[in-house]
Amino acid sequence: MRNERNLKESISIYDNYEIDSPIKNTEDKYYFIFYERKLLLIDNKIPLIKDLSEINIPKEDIKNNIHLGEFYSKDAYTVELAEDYENKQDYDFIDLYEVFDIDEETYLIAGRAIQIIDWENNHQFCGRCGAKTVTSDIERAKVCPECGFTSFTRICPAIITTIIKKDTEDLDAEGKPTNKVLMAKHSYHQTIRYSLIAGFLEAGESIEEAVKREIKEEVGIEVEDIEYFGSQSWPFPNSLMIGCICKYKSGEINVDGNEILDAKWFKKEEIENPPSDISIFSKLIKNFKENY
Ligand SMILES: [Zn+2]
């Protein structure tokens, strides 16, 4: 129940979006337009227009224009502008991280839209035989006419997990062990001080195995009672973040000093609130603070 409540706070990509709807030729259409991976917003909104010429984007500036489905009952397209596009109108192209704080629903659809553009660009040629691929008529796939190899949008699953320990050597005012969470300082984060353990799944392993392996590799301890918390699309560039909660079992913290610089146990009051709610990290931290 605890986890359900946390997930209900999120909106769904499908609240007003249909993924597989055929082109309806609506008079107005939503255009998710990207230039250098940033999204065009006009007055903080996705342009709803008859075509791209209405906002002075000429055909020769369009690299990709792909039907995305239906958004608020209108045809929706994802568009990539060419590298040599000149922003003569001085439009605002917004980083996806910032779009979340402007409008979460726009962020969710745009996160899918940019991944469709990536799929289009990254599967122009067959990864098996090198022939030019064609776009399938029946599903979101690139098919090789020579060998039949099919390429779908690629999503890379990753886990992120809270590790919770009852510290029997640190008792609260009532004499009960204090709940603590393990956080680590990654060398690749410039701005985030301490974060939760996270990493990509390896081929062949389960979510639970990935959680155990990442924790063992990064901080050297053993965990148990791994629970699923929730998941989130993370389009930077193409991850699915799988949030988990687990309990400390045994071992001492031991970091490698390269990928992980430091790791330690934090009490609730020692954890700063994340600067944005964009990631499942913030939901996991909130869950720990409210429910443990
Ligand atoms: Zn092929």
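Remember, predicted model here, so these are calculated numbers, not experimental data.

Before going further, it helps to spend a moment on the overall build of the protein. Across its full length, the protein carries five helices and 16 strands. Over its C-alpha atoms, taken along the principal directions, the protein stretches across nearly 70 × 45 × 35 Å. When each of the 292 residues of the protein is scored for burial, the buried share is 27%. Partitioning the intrachain contacts of the protein with sequence separation of at least 6 by distance along the chain shows that 59% fall at a separation of at least 24.

Quick look at helix H4 (residues 207-219) now. Side chains three or four residues apart in an α-helix point the same way, a direct result of the helix having 3.6 residues per turn. Across its 13 residues, H4 extends 18 Å between first and last C-alpha, which sits within 8% of the 18 Å expected from 1.5 Å per residue. Taken together, the buried positions of H4 are occupied by Ala210, Val211, Lys212, Glu214, Ile215, Glu218 and Val219. For H4, the secondary structure elements touched by its buried residues are strand S11 (156-171), strand S12 (177-186), strand S13 (197-200), strand S14 (222-234), strand S15 (239-250) and strand S16 (260-266). Positive phi appears at Gly220, one or two residues downstream of H4, with a value of about 75°.

The next subject is the pairing of S11. Both S11 and S15 contribute to a ladder of nine bridges, which runs parallel. Residue pairing for S15: Ile163 is matched across the bridge by Cys246. Where S11 lies against S13, four bridges are found, and the strand directions are antiparallel. Note that in S13 the partner of Thr161 across the bridge is Ile197.

Spatial ordering of the open sheet is given by S8-S9-S10, a layout of three strands whose pairing is antiparallel. A single partner strand is all that each edge strand has here, and the edge strands are strand S8 (134-135) and strand S10 (150-152). Pairing analysis gives two bridges linking S8 to strand S9 (residues 141-143), with the strands arranged antiparallel. When the bridges of S9 are listed, Val134 appears paired with Val143.

Let us now look at the nonpolar core. Formed by 29 residues in total, the largest nonpolar core has its most connected members in Ile163, Val211, Val219, Val223 and Cys244. Where this core is concerned, the elements lending two or more residues are S11, S12, S13, H4, S14, S15, S16 and helix H5 (280-291). Top element by residues in this core is S15. It accounts for five residues. When near neighbours in sequence (up to four residues on either side) are disregarded, Val223 contacts Ile163, Val211, Lys212, Ile215, Cys246, Lys247, Tyr248 and Lys249. By size, the runner-up hydrophobic cluster in this structure holds 26 residues, among which are Tyr30, Ile33, Ile109 and Ile114.

You'll often see interface size given as the accessible area lost when the parts meet. Looking at the protein, the domain boundaries give domain 1 (9-122), domain 2 (124-153) and domain 3 (156-291). Using only C-alpha atoms to locate each centre, domain 2 and domain 3 end up separated by 38 Å.

Positionally, Gly199 belongs in strand S13. The partly exposed category is assigned to Gly199, around which 17 C-beta atoms lie within 10 Å. The sequence separation of Gly199 and Pro157 amounts to 42 residues, and the corresponding C-alpha distance is 8.7 Å. Those residues in contact with Gly199 that sit more than four places away from it in its chain are Ala158, Ile159 and Glu214.

With that settled, the discussion passes to the pairing of strand S5 (residues 62-71). Across two bridges, the pairing between strand S1 (residues 17-18) and S5 is antiparallel. Note that in S5 the partner of Glu18 across the bridge is Glu70. As defined by bridge partners, S5 adjoins strand S6 (residues 74-81) across eight bridges and the pair is classed as antiparallel. Directly across from His67, in S6, lies its bridge partner Tyr77. Taken together, S5 and the strand that follows it, S6, pair antiparallel across an intervening segment of two residues, in which Tyr72 is found at a positive phi of about 45°.

Attention now goes to the environment of Lys165. Within the fold, Lys165 resides in strand S11. Measuring from C-alpha to C-alpha, the distance between Lys165 and Asp61 comes to 55 Å, with 104 residues separating the pair along the chain. Aside from chain neighbours lying at most four places away, what touches Lys165 is Lys180, Tyr248 and Trp265.

What follows covers the environment of Tyr97. The residue Tyr97 is located in helix H2 (residues 96-102) in this model. With 12 C-beta atoms counted inside 10 Å, the residue Tyr97 sits in the exposed group. Counting along the chain gives 181 residues from Tyr97 to Ile278, while the straight-line C-alpha distance between them is 7.5 Å.

Reading guide: rules and limits
In this numbering scheme, every chain counts its residues from 1 along its sequence in written order. Under the rules for a predicted model, residues below a pLDDT of 70 receive no local features and side-chain atom pairs below 80 are neither given nor counted, while totals for whole chains, interfaces and linings still include all residues. Only DSSP runs of H or I covering at least 4 residues are called helices, and only runs of E covering at least 2 are called strands; the numbering of each starts at the N terminus. Think of it as a crowd count around each C-beta: if 20 or more other C-beta atoms lie within 10 Å the residue is buried, if 12 or fewer it is exposed, and in between it is partly exposed, with C-beta placed from the backbone throughout. We call two residues in contact when the distance between their C-beta atoms, placed using the backbone, is within 7 Å. Take the number of residues in a helix, subtract one, and multiply by 1.5 Å to get its expected span. What makes two strands pair is DSSP finding at least two bridges between them. Remark: nonpolar core denotes a set of buried Ala, Val, Leu, Ile, Met, Phe, Trp, Tyr and Cys residues whose joining runs through C-beta atoms within 7 Å. In this document the domain limits rely on a domain assignment from an automatic tool or a database.

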